Amino acid sequence: MTHQLIVSILLILTVAWGLGYLFSRLGLPAMLGQLLAGVVLGPPLLGLVAPTAELALLAEFGVFFAMFYAGMEMDPKELVEHLRISLAAALGGFILPFALGFLTVRMFGGTVFQCLFVGMAISVTALPVQSIILKSMRINRTEIGHIVIGATVANDVLALIGLSVLLGLARTGTLAAADLLVILLKNAAFFGFTIAIGQFVMPRLTKGLTDESAKGFTFAMTAALALAYLAELAGLHLIMGAFLAGQFVRREIMDEKVYEAIADRFYGIAYGFLVPIFFASLAFHLDIIWTWNFVFFTLVLTAMAIIGKIVGAGLPVKLLRYGRREAAVVGFGMNARGAVELVIATVVLQASHELTAAGVIAQPLMTRDQFSAIVLMAFISTMMAPLTLKWAVMRACRPDEKADFCQLMEDAPPS
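Nothing here was measured: the structure is a model prediction, and the numbers come from that model.

Draft legend 1. The overall build of the protein, seen in detail. The number of helices and strands found in the protein is 17 helices and zero strands. For 415 residues, the compact-globule formula gives about 22 Å, and the C-alpha radius of gyration of the protein, at 21 Å, lands near that figure. The principal-axis extents of the C-alpha atoms in the protein amount to approximately 60 × 55 × 50 Å. Taken across its 415 residues, the protein has 54% of its residues classed as buried. Pairs at least 24 apart in sequence give 78% of the contacts found in the protein among residues at least 6 apart. Looking at charge distribution, the protein has the averaged site of its 27 positive side-chain charges lying 4 Å from that of its 27 negative ones.

Below is the structure:
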């Protein structure tokens, strides 16, 4: 804990709180103010706060706490009930942006591997950002909210599996069926194990759990860290483990007061401390290269990413059993980015440097311009997501067909 770190955290929290409050007063999500705080304080503008490993760690913990709390807020039975439509939205929301991203990079002269990896990066929906937006609009517990979250989880799993496959292909030059089978088995084992733990072990462990000396919080942290570690071993991101751990700390399997105490602590630490640092730190990655080719490429890539998600995720919802307004809510909701795709892009860039230095590949897997375009795409779509989602929700709120999430937005107290 250095003096510089203390000053950086103080600046981020103060400016993020002030701008977040201002945006809230204007009827806009507070997270937009937190993103703007990163732009103002970070390298893009004033440069008062520099990206450091310590801030990156706090931002990662912000994702961790937010995902656990999001898991607590979601009903696992509702997720399972809407599994079919969530998977359809996830597949459509993955395949179409991937194809459009591939074609865009190819049109700008990228190699096949560059097309594949950029397409993979823009096909992702950021589960942490998604859950925060839904929570801020108080529609996370609704039917549409469960569909969006279920689709996002499946979408991220597909992307992370695809990343493992493509990296293996880049390193060896061949696509081994055995390697793909191992990846799928590891993922299946992770989900099978965690579901079994949640259904049969957790209820017994929480039966006599008390909140004396904050033991409930310690138990929840232990479960979240353990599943986050297992998720990483399975080749998934720690957010999957944290989210599933939150799913298993359910209201009905423990004392009501213990549950409320755990939820209150995770909410306070996440939204009051770490999440503003996470959103502000997203802006630190911004690197704008002022050339016509770069700007045009970024705009086209961003447009393809947004259109791909809206059509790809929304169309299956419309074709199954929902109206176009609900389909639009899912499509716009799936456009939230800002976390997982940055992880994917960073991993690809690091692997590219290693393989190029070793002489395994002659062309980089992702260029610096492509990486910067992905970061800008993520930032723009993250800024747009809460605004466009609110617009889609309000359009769905017609007097003659009042949607449950609209009623929930009206009835809930201000956050």
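Next comes the rest of the description.
Draft legend 2. Representation of a nonpolar patch on the surface. A grouping of Leu 22, Leu 26, Leu 28 and Leu 387 is seen on the molecular surface, where their side chains present a nonpolar patch of about 340 Å² in accessible area. Following the sequence through the fold, Leu 28 ends up in the loop between helix 1 (3-25) and helix 2 (30-41). Leu 28 sits in the partly exposed class, given a relative accessible area of 30%.

Draft legend 3. Looking closely at the side chain of Asn 155. Inspection of the secondary structure assignment puts Asn 155 in helix 8 (residues 143-172). Residue class for Asn 155 comes out buried when judged on its relative accessible area of 0%. Among all residues touching Asn 155, those that are not within four sequence positions of it are Ala 90, Gly 93, Phe 94, Ser 123, Val 124, Thr 125, Lys 309 and Met 334.

Draft legend 4. Region of the structure containing the confidence of the model for the protein. For the protein, the average pLDDT comes to 84, and 94% of its residues sit at 70 or higher. Of all helices and strands in the protein, the one with the weakest mean pLDDT is helix 17 (residues 404-411) (56), whereas helix 5 (residues 83-107) scores best (93).

Draft legend 5. Up close: the packing of aromatic side chains. Following the criterion strictly, the structure yields 17 aromatic pairs and no others. With a centroid separation of 5.7 Å and an interplanar angle of 80°, the aromatic rings of Phe 64 and Phe 65 are classed as edge-to-face. With relative accessibility at 4%, the residue Phe 64 sits in the buried group. Accessibility expressed as a relative area gives 7% for Phe 65, which makes it buried. Aromatic side chains Tyr 267 and Tyr 271 sit 4.8 Å apart centroid to centroid with 25° between the ring planes, which places their arrangement in the stacked category. Placement of both Tyr 267 and Tyr 271 in helix 12 (residues 256-282) is noted, with a separation of four residues, approximately one turn of the helix. Grouped by ring-pair contacts, the aromatic residues Phe 61, Phe 64, Phe 65, Phe 68, Phe 217 and Phe 266 constitute a single cluster.

Draft legend 6. Seen up close, the packing of helix 3 (residues 53-73) against helix 7 (residues 127-136). Where helix 3 meets helix 7, the axes come as close as 9 Å, and the angle between the chain directions of the two elements is 55°. The angle between the axes of helix 3 and helix 7 places the two elements in the oblique class. Crossing handedness for the pair helix 3 and helix 7: left-handed. Here Val 63, Ala 66, Met 67, Tyr 69, Ala 70 and Glu 73 of helix 3 lie close against helix 7, whose contacting residues are Leu 127, Pro 128, Ser 131, Ile 132 and Lys 135. Taken together, the residues of the contact of helix 3 with helix 7 sort by class into eight nonpolar, one polar and two charged.

Draft legend 7. Expanded view of the packing of helix 9 (residues 177-206) against helix 11 (residues 238-248). The geometry of helix 9 relative to helix 11 is characterised by a closest axis approach of 10 Å and an angle of 25° between their N-to-C directions. Put simply, helix 9 runs roughly parallel to helix 11. Here helix 9 runs over helix 11; the crossing is right-handed. Of helix 11, the residues touching helix 9 (which contributes Phe 190, Phe 191, Thr 194, Ile 195, Gly 198 and Met 202) are Met 240, Gly 241, Leu 244 and Phe 248. Classifying every residue of the contact of helix 9 with helix 11 by side-chain character gives seven nonpolar, three polar and no charged.

Draft legend 8. Highlighting helix 5. The terminal C-alpha atoms of helix 5, which comprises 25 residues, lie 36 Å apart, in line with the 36 Å expected from a rise of 1.5 Å per residue. Residues of helix 5 that are buried include every one of Ile 85, Ser 86, Ala 89, Ala 90, Gly 92, Gly 93, Phe 94, Pro 97, Leu 100, Gly 101, Thr 104 and Val 105, and no others.

Draft legend 9. Structural detail: helix 8. For helix 8, spanning 30 residues, the distance from its first C-alpha to its last is 44 Å, which sits close to the expected 44 Å at 1.5 Å a residue. Here helix 8 lies mainly inside the structure; 23 of its 30 residues are buried. Backbone geometry just downstream of helix 8 places Gly 173 in the positive-phi region, at approximately 85°.

Draft legend 10. Inspection of the environment of Ala 151 at higher detail. Structurally, Ala 151 can be placed in helix 8. Along the primary structure Ala 151 and Met 384 are separated by 233 residues, whereas in three dimensions their C-alpha atoms are 19 Å apart. Residue contacts for Ala 151: discarding those within four places in its chain leaves Ser 86, Ala 89, Ala 90 and Met 334.

The rules behind the values
- Per chain, residue numbering runs from 1 following the sequence as it is written.
- Local features are withheld for residues below a pLDDT of 70 in this predicted model, meaning they are given only at 70 or higher, and side-chain atom pairs are given and counted only at 80 or more; totals for whole chains, interfaces and linings count all residues.
- As a convention, hydrogens and water are excluded, and side-chain values are obtained from all of the structure's heavy atoms.
- Numbering of helices and strands starts at the N terminus; helices are DSSP runs of H or I of at least 4 residues and strands are runs of E of at least 2.
- Note on method: radius of gyration uses C-alpha positions; expected globular size equals 2.2 Å times residues raised to 0.38.
- With a 1.4 Å probe rolled over the protein chains alone, any residue whose accessible area is under 20% of its type maximum counts as buried; one over 50% counts as exposed, and the rest are partly exposed.
- Contact between two residues is taken to exist if any of their heavy atoms lie within 4.5 Å; hydrogens are not considered.
- Working convention for charge: Lys and Arg count positive, Asp and Glu count negative, and His plus the chain ends are omitted.
- Note on charges: their place is set at NZ of Lys, CZ of Arg, CG of Asp or CD of Glu.
- Only residues above 30% relative accessible area that lack a salt bridge enter a patch, with like-charged residues linked at up to 9 Å and the nonpolar side chains Val, Leu, Ile, Met, Phe, Trp and Tyr linked at up to 5 Å.
- Note on areas: these come from Shrake-Rupley sampling with a 1.4 Å probe, and a residue is covered only by the protein chains present in the view.
- We define a salt bridge as a contact between a side-chain nitrogen of Lys or Arg and a carboxyl oxygen of Asp or Glu at a distance within 4 Å.
- Confidence of the predictor in every single residue is expressed as pLDDT, which spans 0 to 100.
- Pairs were defined over the aromatic rings of Phe, Tyr and Trp, the Trp ring being its six-membered one, requiring ring centres within 6.5 Å. Orientation was assigned from the angle between planes: stacked under 30 degrees, edge-to-face over 60, tilted for the rest.
- Here the axes come from fitting lines to C-alpha atoms, over the contacting stretch only for helices, and the angles between their N-to-C directions go from 0 to 180 degrees.
- For classification purposes, an angle smaller than 35 degrees is called roughly parallel, one larger than 145 roughly antiparallel, one from 65 to 115 roughly perpendicular, and anything else oblique.
- Left-handed describes a crossing in which the near helix is turned anticlockwise from the far one by less than a right angle; the clockwise case is right-handed.
- The classification used treats Ala, Val, Leu, Ile, Met, Phe, Trp, Tyr, Cys and Pro as nonpolar, Asp, Glu, Lys and Arg as charged, and all other residues, Gly among them, as polar.
- By definition here, a helix of n residues has an expected span of 1.5 Å times n minus one.

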